[in-house]
Amino acid sequence: MVKNVASVVADLEPEDFYLLSGVEQGMRFSEWVNREKLPEYANLTAEEVDFRLDRCMKRDLIERRTIQYEGYQLTFEGYDVLALHTFAERDSIEGVGAPLGVGKESDVYEAQSYRPLALKFHREGYTNFREVNKEREYTADHHHVSWLYTARKAAEREHGALETLYPDVSVPRPVDHNRHAILMTKFEGVELARAKLDDAQVVAVLDLALDEVSSAYEAGLVHADLSEHNVAVAESGITIFDWPQSVPTDHANAAELLERDVSNLVGFFRRKYPAIVPEVDTAAVAETIAAGDFETVREFATSRSS
């Protein structure tokens, strides 16, 4: 887990941010930024660069590697600091609280503001960059792509999806975005994977989730990575989150991805509630969602468990 750097931000000086921004700029061109180019990138003297490198290294905001030259790279903590600094300058947040969720591709924290918010840092590509880079459409056509770029594009894509979907689809409301970080409203509920539903709720919740999938399709997007881990269930309803891999409905693989989303959801309910949820023709459900005619999975039952 990348450590929470909120307390570090207050300890930094303007020149530290110049140095971090300079390293960020250099990483657009190479994985490791040549030490000799940092005065130009950071708009600091060589002596000031030395001092700031030492300060930032001690705080684990950058790392050094000697290859053919002395090179520097932002850590994710350093990238987090730049995003938090920007949010603070915009008065978007006042502080960062406890973790809400930690995964392979993102860390989510409570954000302190005038209303409850969630702060999501995208982590795509940091530990398994080559594998993630191959799988993500938003990096597939770029030759020099750093983990920094991969994470930033994932955040841009997710923020754009939320802006498209909210409020017509039950998704977190987007509040702000910078670099690899997204600020959004904090939603209620627990992941579908951890929810305990009463028998009478099971099919109704599945229908609710598929109805949101239908609304998203009508708005022009397919989630493309839907599962029991990115649907939250609360007394007030459901919320679908984690949209960085979403694709437009005119995408060449949209129909296939929509059917996969439907199969993932229905398959989870069938495994967890086999006596309640009937076997369903998921291809037919997906076609009906695309046509805007979906009402309930019961219409697509092929057989029932006894």
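All values derive from a computational prediction rather than experimental measurement.

Novice: Describe the pairing of strand E5 (residues 106–112), listing the residues and the values that go with them.
Specialist: In terms of burial, E5 is a largely internal element, 5 of the 7 residues being buried. Two elements, strand E4 (residues 95–102) and E5, share 5 bridges in a ladder whose sense is antiparallel. Bridged to valine 96 within E5 is alanine 111. Remark: 3 residues form the turn of the hairpin made by E4 and E5, two consecutive strands paired antiparallel. Inspection of the sheet shows E5 paired to strand E6 (residues 117–122) by 6 bridges, in the antiparallel sense.

Novice: Please give an account of the sheet that holds strand E11 (residues 231–234) that cites residues and values.
Specialist: One open sheet accounts for 3 strands, arranged E9-E11-E12; its pairing is antiparallel. Bordering the open sheet on either side are strand E9 (190–191) and strand E12 (237–240), each of which pairs with just one other strand. Looking at chain direction, E11 and E12 are connected through 4 bridges and run antiparallel. Across the sheet, alanine 234 pairs through a bridge with glycine 237, a residue of E12. Against the sheet, helix H8 (residues 199–219) engages E11 and E12, with an angle of about 45° to E12.

Novice: Go over the pattern of salt bridges, please, and point to the residues and values.
Specialist: Scanning the entire structure with this criterion turns up 19 salt bridges. Lysine 58 is the partner of aspartate 54 in a salt bridge, and the nearest nitrogen-oxygen pair spans 3.4 Å. Highlighted residues: aspartate 54 and lysine 58, both in helix H4 (residues 46–58), separated by 4 residues, approximately one helical turn. One salt bridge connects glutamate 110 with lysine 186, and the closest N-O pair in it is separated by 2.7 Å. Highlighted residues: glutamate 110 in strand E5 and lysine 186 in the loop between strand E8 (181–185) and E9, separated in sequence by 76 residues. Judged by relative accessible area, lysine 186 falls into the partly exposed class, the value being 37%. Within this structure, Glu13, Glu15, Asp16, Glu48, Arg52 and Arg55 form a network of salt bridges that share partners.

Novice: Explain the nonpolar core to me, and be specific about the residues and the numbers.
Specialist: Counting residues in each nonpolar core, the largest one holds 50 residues, and the members touching the most others are Leu210, Leu265, Phe269 and Ile289. Looking at this core, the elements that each hand over two or more residues are helix H7 (147–165), E8, H8, strand E10 (221–222), E11, E12, helix H9 (254–272) and helix H10 (282–291). Per-element accounting of this core gives the leading share, 9 residues, to H8. With sequence-adjacent residues up to four places away left out, leucine 265 is seen in contact with Leu192, Leu206, Ala209, Leu210, Val213, Leu226, Ser227 and Val231. In this structure, Leu20, Tyr72, Val81 and Leu148 belong to the second largest nonpolar core, which totals 40 residues.

About the cut-offs
Residues numbered from 1 in each chain as written. Predicted model: local features only at pLDDT ≥ 70, side-chain atom pairs only at ≥ 80, totals over all residues. Heavy atoms only, no water. Buried < 20%, exposed > 50% of the residue type's maximum accessible area, 1.4 Å probe, protein only. Helix = DSSP H or I, 4+ residues; strand = E, 2+ residues; numbered from the N terminus. Pairing = 2+ DSSP bridges. Contact = heavy atoms within 4.5 Å. Axes fitted to C-alpha atoms, helices over the stretch in contact; angles between N-to-C directions. Salt bridge = Lys/Arg side-chain N within 4 Å of Asp/Glu carboxyl O. Core = buried A, V, L, I, M, F, W, Y, C linked by side-chain atoms within 4.5 Å.

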